[in-house]
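Here is what each chain is made of, one letter per residue.
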Amino acid sequence: MNLRAKISGLCIASAVVFTTVVVANARSPQTDADSAIAAFSANCFSPRLSRSKANEVFGLANVRYDFYDLDPFTSAAPTPASVRPATPGTDRRCEVSFAGDHTEIAVGAVTSQLELEGLREVVDLPGSHESLRTSSTALLAARRLNHLKIAVVHVGTRPFENGIETFLNVERLRSPR
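Counting restarts for each chain, with residues numbered from 1 along the sequence as it is written. Reporting in this predicted model follows two pLDDT cut-offs: at least 70 for local features of residues, and 80 or more for side-chain atom pairs to be given and counted; totals over whole chains, interfaces and linings ignore these cut-offs and use all residues. Side-chain numbers come from the whole structure's heavy atoms, not from hydrogens or water.

*Asks:* Account for the layout of surface pockets, naming residues and giving values.
*Replies:* Only protein atoms enter the 1 Å grid used here. Points where a 1.4 Å probe fits but cannot escape make up a cavity, open sets with protein on both sides within 12 Å along at least five of seven lines make up a pocket, and a residue lines them when an atom lies within 4 Å of a point. Grid points are joined across faces, edges and corners, and a volume is the space filled by probe spheres set on the points. What the largest pocket holds in volume is close to 370 Å³. As for the largest pocket, its lining consists of 18 residues, and the residues nearest its centre are Pro47, Leu145, Asn146, Lys149 and Arg172. Elements are defined by DSSP. Helices are runs of H or I of four residues or more, strands are runs of E of two residues or more, and each kind is numbered from the N terminus. Looking at which element gives the most residues to the lining of the largest pocket, the answer is strand E6 (residues 163-174), with 3 residues. In this count, Pro and Cys sit with the nonpolar residues alongside Ala, Val, Leu, Ile, Met, Phe, Trp and Tyr, while Asp, Glu, Lys and Arg are called charged and the others, Gly among them, polar. For the lining of the largest pocket, a count of residues per class yields 10 nonpolar, 2 polar and 6 charged. Taken as a whole, the second largest pocket holds about 170 Å³ of empty space. Taken together, 14 residues line the second largest pocket, and the ones lying closest to its centre are Arg84, Leu132, His154, Phe167 and Asn169. At the level of elements, strand E5 (149-160) and E6 are the ones that each hand at least two residues to the lining of the second largest pocket. Take the lining of the second largest pocket: its biggest share by element is 4 residues, from E5. When the residues that make up the lining of the second largest pocket are grouped by side-chain class, the tally is 2 nonpolar, 8 polar and 4 charged.

In structure tokens:
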């Protein structure tokens, strides 16, 4: 390969990377928030969510996610925690986060999805999760999934890079007896 072809190939590769970065950064914060909230609502309450599906649905520009499932509902292999350590007592976490404060929209979407999923039975928040409540918590609630499991849903903001980010999180754990 001659020098001209190498330089041409390098220029094309650089243009593709630059275009990808510009397009990802050109998305509006509201678009990122809407996409992340919709993906969370449509997928995080499903017991059939797997690592490969999470990679697919949460692979959005400017959106971070965390997923593990130590006791899958299906025959899928367990997915260990990789972003943060597993919360003690939980066997599954699904979380998305993105720049800005979009908690009002997030809480509306999450409460609608809880209703749609039939997760209406409110249970006491486990002591292990009570300490998660901060002044930036918009929603922290526990719902019964079945006689063995509960889900704890947490929506709020936290510091991130040059400002704050919104996060939506649901963790599954054994029901207190």
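*Asks:* Go over the pairing of strand E4 (residues 137-144), please, and point to the residues and values.
*Replies:* Most of E4 sits out of view: 6 of its 8 residues are buried. In this scheme, strands are said to pair when DSSP sees at least two bridges between them. Pairing of strand E3 (residues 122-123) with E4 involves 2 bridges; the strand directions are antiparallel. Note on E4: the bridge partner recorded for Val122 is Arg143. The pairing of E4 with E5 spans 7 bridges and is classified as antiparallel. Bridge pairing in E5 places Ala141 opposite Val153. If you look at the hairpin formed by E4 and E5, you'll find 4 residues sitting between the two strands. Each residue gets one of three labels from its accessible area relative to the maximum for its type: buried under 20%, exposed over 50%, partly exposed in between, using a 1.4 Å probe on protein chains only.

*Asks:* Summarise the state of the cysteines; cite the residues concerned and give the values.
*Replies:* For this text, the term disulfide refers to a pair of cysteine sulfurs within 2.5 Å. Summed over the entire model, instances satisfying the criterion amount to 1 disulfide. Paired by a disulfide, Cys44 and Cys94 hold their sulfur atoms 1.9 Å apart. Taking the torsion about the sulfur-sulfur bond, which here is approximately -45°, the covalent link between Cys44 and Cys94 counts as left-handed. Within this pair, whereas Cys44 is found in the loop between helix H2 (29-43) and helix H3 (51-57), its partner Cys94 is found in strand E2 (residues 90-99), the two being separated by 50 residues in sequence. Taken as a pair, Cys44 and Cys94 share a single burial class, namely buried.

*Asks:* Go over H2 with me, naming the residues and quoting the values.
*Replies:* Take the number of residues in a helix, subtract one, and multiply by 1.5 Å to get its expected span. With 15 residues, H2 ought to run about 21 Å at 1.5 Å a step, and its terminal C-alpha atoms sit 21 Å apart, in line with that. Those residues of H2 lying buried are Asp32, Ala33, Ala36, Ile37, Ala39, Phe40, Ser41 and Asn43. Residue contacts follow a heavy-atom distance rule, with two residues in contact if any of their heavy atoms lie within 4.5 Å. Tucked inside the fold, the buried residues of H2 contact H3, strand E1 (63-69), E2, helix H4 (103-116) and E6.

*Asks:* I'd love a proper account of the pattern of salt bridges, names of residues and values included.
*Replies:* Any carboxyl oxygen of Asp or Glu that lies within 4 Å of a side-chain nitrogen of Lys or Arg is treated as forming a salt bridge with it. Scanning the entire structure with this criterion turns up 14 salt bridges. Across the pair Asp91 and Lys149 runs a salt bridge whose closest N-O atoms are separated by 2.2 Å. Separated by 58 residues along the polypeptide, Asp91 in strand E2 and Lys149 in strand E5 bring together distant segments of the chain. In this structure, Asp91 and Lys149 share a single accessibility class: buried. Where Arg144 meets Glu121, a salt bridge forms, and the shortest distance between an N and an O atom there is 3.1 Å. Taken together, the residues Arg144 in strand E4 and Glu121 in the loop between H4 and E3 connect sequence positions 23 residues apart. Given the relative accessible area of 24%, Arg144 is considered partly exposed. The exposure class assigned to Glu121 is partly exposed, which follows from its relative accessible area of 45%. A single salt-bridge network, built from bridges that share partners, covers Asp69, Asp71, Asp91, Arg92, Lys149 and Arg172.

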